[in-house]
Amino acid sequence: MLTQYKTMNRQIRAMSLPTMYGMLFTALYDMVDMFWIGMLDKEAVAAITIYLTLFLALEILNEVVGTSSVSLLSRSWGSGDIELTRRIGEQTFVFKALLGSLGALVLILILPFFYRLYTDDAKVIFHGMQYGYLRSIFVPIFFSSYTVNTILRSTGDAKTPMLLLLASAVLNMVLDPIFMFSTIPGTSIAGLGWGMFGAAFATCISYAFAFVVGFWYLQSGKAPLTIRVKGLLHLDWAIDKKLLIIGLPSGINMLLRSLITIIFLKLVALYGTTAIAALGIANRIYQFCGMPSNGLSMGSGILVGQRLGAKQYKQAKEVTLLSCFNGLLFSLPFILLLLLAPGPLISLFLGGGVISSEASALLRVYALCLVFLAISGGLGSAFFGSGHTRPILYTSLISGWMVQLPYALLVVLVFKLPLPWLWSAYLIGDSLDCLLRYRYFRLGDWKEER
């Protein structure tokens, strides 16, 4: 039995570690992005924080098809049906591109109104428009680059997505200072001085690079699965319906979480521009620290789907539990870092400036949230890998809308308490969500065929 667990753990890490490293690289260049933007001014940091809150809501479209595609691709690949796997991959490309184009149009139209919802600071709005319009235009490319990674991971190739993400991360980190500053900080080398537009342009080029190279690889015959161009020229409603229905609960869950994030940002905005900037920086740090759990969840979800496709139900459960354990193990260094050095971490992204104790308190709260994220991510692999995503929706409704949000509204609007009281809402919501996910996991309905 011990040998079996060791073998399974090696499989989890073989699939998850490349995914984890790739996501860490992505999060790293997001943090480098924030580092350079922080050298502009705090208004620039506030601007990107507001934009990313809206962008998270748009990613619902990617989440719906992405969640469905992981389940469908991994199950069909695990059952040995190569042709069905190919058709699912092709339809994932088509469907995501259409949704991404629609989302980009909506994002561009509402962007000015969204900024004015949070601030009347002309500098913040100017930075936001410079950054947001260009990023929004490239949304279909962003979605398509994720499709490349999903297809490769679901067919057993976790290494290539990692290399694509690494290359795009390095490219972004090199281009950022060149595009943003008239003189690259710390050198006498002339840059283009495009400010926030330059930061957006560097990110867009990086994603476009990852997509083009990844798509070529899927066409080259070297990938585990070959995607045919002719398969991208039509919609297959039988597959597209499954892509929509299976991932819809996950998409609704993400919508509900995004709405909470939008409301939370409005509550934080009541404390001023500096509070918005602190939240944006802390969120980037937290997202980076959460990448091990997210990577393990994605990698393990594929393994769960493959084992369910092969009718290996006991092993699917064991993969899920081992994913929880690995998530806690890999998160431990980040938990200690956020608990012991929150102040220096925050100030690093404001050009070395002094940040408030309230911002440091948020990172300490996030350190505790990482514990529950690791367990929730591991449990999530069972739901996402099987395609049974409704429990994720139910846990979000209960923890977010029935507990977390009412608490936050009371803290800010009724009792008018300091920021740390608002930060604790994140811990309350995440801990309850984790407990509810465990309950649904124990019920075992996720093992049933969709």
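Predicted, not measured: the structure shown is a model, and the values here were computed from it.

### A short note on the overall build of the chain
Step number 1: If you tally the helices and strands in the chain, you get 16 helices and 0 strands.
Step number 2: A compact globule built from 450 residues would reach a C-alpha radius of gyration of about 22 Å, and the chain, at 21 Å, matches this within 12%.
Step number 3: Dimensions along the principal axes, computed over C-alpha positions, put the chain at roughly 55 × 45 × 40 Å.
Step number 4: Each of the 450 residues in the chain was classed as buried or not, and the buried ones make up 57%.
Step number 5: The centroid of the 33 positive side-chain charges in the chain is displaced by 7 Å from the centroid of its 22 negative side-chain charges.

### So, empty space enclosed by the protein
Space left empty within the atom packing is revealed by a probe, the size of a water molecule, rolled over the atoms.
Step number 1: If you walk through the whole model with that rule in mind, you get 2 cavities of 30 Å³ or more.
Step number 2: In this structure, the second largest cavity occupies an estimated 40 Å³ of space.
Step number 3: Secondary structure elements with two or more residues in the lining of the second largest cavity: helix H6 (139-154) and helix H8 (195-220).
Step number 4: Here the residues of the lining of the second largest cavity are counted per class, giving 6 nonpolar, no polar and 1 charged.

### Here we look at the UniProt feature "transmembrane region" (unreviewed entry) in the chain
Step number 1: Mapped onto the present numbering, the UniProt feature "transmembrane region" (unreviewed entry) falls at residues 45-73, 93-113, 133-152, 164-184, 196-218, 259-279 and 361-385.
Step number 2: This span, residues 93-113, is 100% helix and 0% strand, and a straight line between its end C-alpha atoms measures 31 Å.
Step number 3: Annotated as residues 196-218, this span is 100% helix and 0% strand, and its ends, taken at the C-alpha atoms, are 33 Å apart.

### Here's the deal with the pattern of salt bridges
Step number 1: What the rule picks out here adds up to 7 salt bridges.
Step number 2: The partner of Asp-41 in a salt bridge is Lys-123, and the shortest N-O contact between them spans 3.2 Å. In this pair, Asp-41 sits in the loop between helix H1 (2-38) and helix H2 (42-58) while Lys-123 sits in helix H5 (residues 122-137), placing the two residues 82 residues apart along the sequence.
Step number 3: Exposure remark for Lys-123: the relative accessible area of 40% places this residue in the partly exposed category.

### So, the layout of surface pockets
Step number 1: Taken as a whole, the second largest pocket holds about 170 Å³ of empty space.
Step number 2: If you go around the second largest pocket, you meet 10 residues; those closest to its centre are His-388, Arg-390, Pro-391, Tyr-394 and Asp-445.
Step number 3: Within the residue set of the lining of the second largest pocket, elements represented by two or more residues are helix H15 (390-414) and helix H16 (419-443).
Step number 4: Top element by residues in the lining of the second largest pocket is H15. It accounts for 3 residues.
Step number 5: Of the residues assigned to the lining of the second largest pocket, the class counts are 6 nonpolar, 1 polar and 3 charged.

### Describing the nonpolar core
Nonpolar side chains in soluble globular proteins tend to be buried together.
Step number 1: With 101 residues, the main nonpolar core has Ile-285, Leu-338, Tyr-366, Leu-422 and Tyr-426 as its most contacted residues.
Step number 2: No other element matches helix H14 (residues 357-386), which puts 12 residues into this core.
Step number 3: Formed jointly, this core draws a minimum of three residues from each of two domains, domain 1 (1-235) and domain 2 (248-449).
Step number 4: Every residue in contact with Leu-338, bar those within four places of it in the chain, is listed here: Ile-285, Cys-289, Leu-345, Leu-363, Arg-364, Tyr-366, Ala-367 and Leu-370.
Step number 5: Listed in part, the 20 residues of the second largest apolar core include Phe-95, Val-148, Tyr-217 and Ile-246.

### Considerations on the side chain of Ser-297
Step number 1: Positionally, Ser-297 belongs in helix H11 (residues 291-309).
Step number 2: Since its relative accessible area comes to 11%, Ser-297 is described here as buried.
Step number 3: When near neighbours in sequence (up to four residues on either side) are disregarded, Ser-297 contacts Ser-323, Gly-377, Gly-380 and Ser-381.

### Let's talk about the packing of aromatic side chains
Between two aromatic rings, the relevant description is the distance of the centres plus the angle of the planes.
Step number 1: Per the stated rule, a full pass over the model turns up 22 aromatic pairs.
Step number 2: Ring centres 4.9 Å apart and planes at 45° place the aromatic pair Phe-142 and Tyr-146 in the tilted group. One end of the pair, Phe-142, and the other, Tyr-146, are both in helix H6, 4 residues apart, so they sit about a helical turn from each other.
Step number 3: Given the relative accessible area of 33%, Tyr-146 is considered partly exposed.
Step number 4: Here the aromatic residues Tyr-51, Phe-55, Tyr-131, Phe-142, Phe-143, Tyr-146 and Tyr-207 are joined through ring pairs into a cluster of three or more.
Step number 5: Positioned over the ring face of Phe-55 is Arg-135, at 5.0 Å from the centre of the ring.
Step number 6: In this structure, Arg-439 packs its charged tip against the face of Tyr-440, placed 5.4 Å from the ring centre.

### Notes on a nonpolar patch on the surface
Step number 1: A grouping of Leu-163, Leu-166, Val-170, Val-174, Ile-178, Leu-192, Trp-194 and Phe-197 is seen on the molecular surface, where their side chains present a nonpolar patch of about 620 Å² in accessible area.
Step number 2: The leading source of residues in the nonpolar patch is helix H7 (residues 159-180), at 5 residues.
Step number 3: Among the structural elements, Leu-163 can be located in helix H7.
Step number 4: For Leu-163, a relative accessible area of 42% gives the class partly exposed.

Quick notes on the rules
- Sequence order sets the numbering: in each chain, residues are counted from 1 along the sequence as written.
- Owing to the predicted nature of the model, reporting of local features is limited to residues with pLDDT of at least 70; listing and counting of side-chain atom pairs is limited to 80 or more, with chain, interface and lining totals taken over all residues.
- The basis for the side-chain values is all heavy atoms of the structure; hydrogens and waters are excluded.
- Each helix is a run of H or I in the DSSP string that is no shorter than four residues. Each strand is a run of E no shorter than two, and both are numbered from the N terminus.
- For a compact globule the rule gives 2.2 Å times the number of residues to the power 0.38, and the radius of gyration it is set against comes from C-alpha atoms.
- Only protein chains enter the accessibility calculation, which uses a 1.4 Å probe. A residue is then buried if its area is under 20% of the maximum for its type, exposed if over 50%, and partly exposed in between.
- Lys and Arg are tallied as positive, Asp and Glu as negative. Neither His nor the chain termini are counted.
- By convention, charge coordinates are those of NZ in Lys, CZ in Arg, CG in Asp, or CD in Glu.
- In this analysis, the protein atoms alone were mapped onto a 1 Å grid. Cavities are point sets where a 1.4 Å probe fits without being able to get out; pockets are open sets with protein on both sides within 12 Å along at least five of seven lines; lining residues have an atom within 4 Å of a point.
- Grid points are joined across faces, edges and corners, and a volume is the space filled by probe spheres set on the points.
- Throughout, the ten residues Ala, Val, Leu, Ile, Met, Phe, Trp, Tyr, Cys and Pro are labelled nonpolar, Asp, Glu, Lys and Arg are labelled charged, and all others, Gly among them, are labelled polar.
- UniProt positions are given in the numbering used here, feature names are shortened, and annotations may be inferred rather than shown by experiment.
- Salt bridge, as used here: a side-chain nitrogen of Lys or Arg that lies within 4 Å of a carboxyl oxygen of Asp or Glu.
- To qualify as a nonpolar core, a set must consist of buried Ala, Val, Leu, Ile, Met, Phe, Trp, Tyr and Cys residues joined through side-chain atoms within 4.5 Å.
- In this entry, domain limits derive from an automatic or database-based domain assignment.
- Note on contacts: a residue pair qualifies if any of its non-hydrogen atoms lie within 4.5 Å across the two residues.
- Centre distance within 6.5 Å is the pairing criterion for rings of Phe, Tyr and Trp, where only the six-membered ring of Trp is used; planes under 30 degrees apart are then read as stacked, over 60 as edge-to-face, and the remainder as tilted.
- In this analysis the charged atom, NZ for Lys or CZ for Arg, is taken to sit over a ring once it is within 6 Å of the ring centre and within 35 degrees of the ring normal.
- For patch building, the residue pool is restricted to those with more than 30% relative accessible area and no salt bridge; the joining distance is 9 Å between like charges and 5 Å between nonpolar side chains (Val, Leu, Ile, Met, Phe, Trp, Tyr).
- Only the protein chains shown count as covering a residue, and every accessible area follows the Shrake-Rupley method with a 1.4 Å probe.

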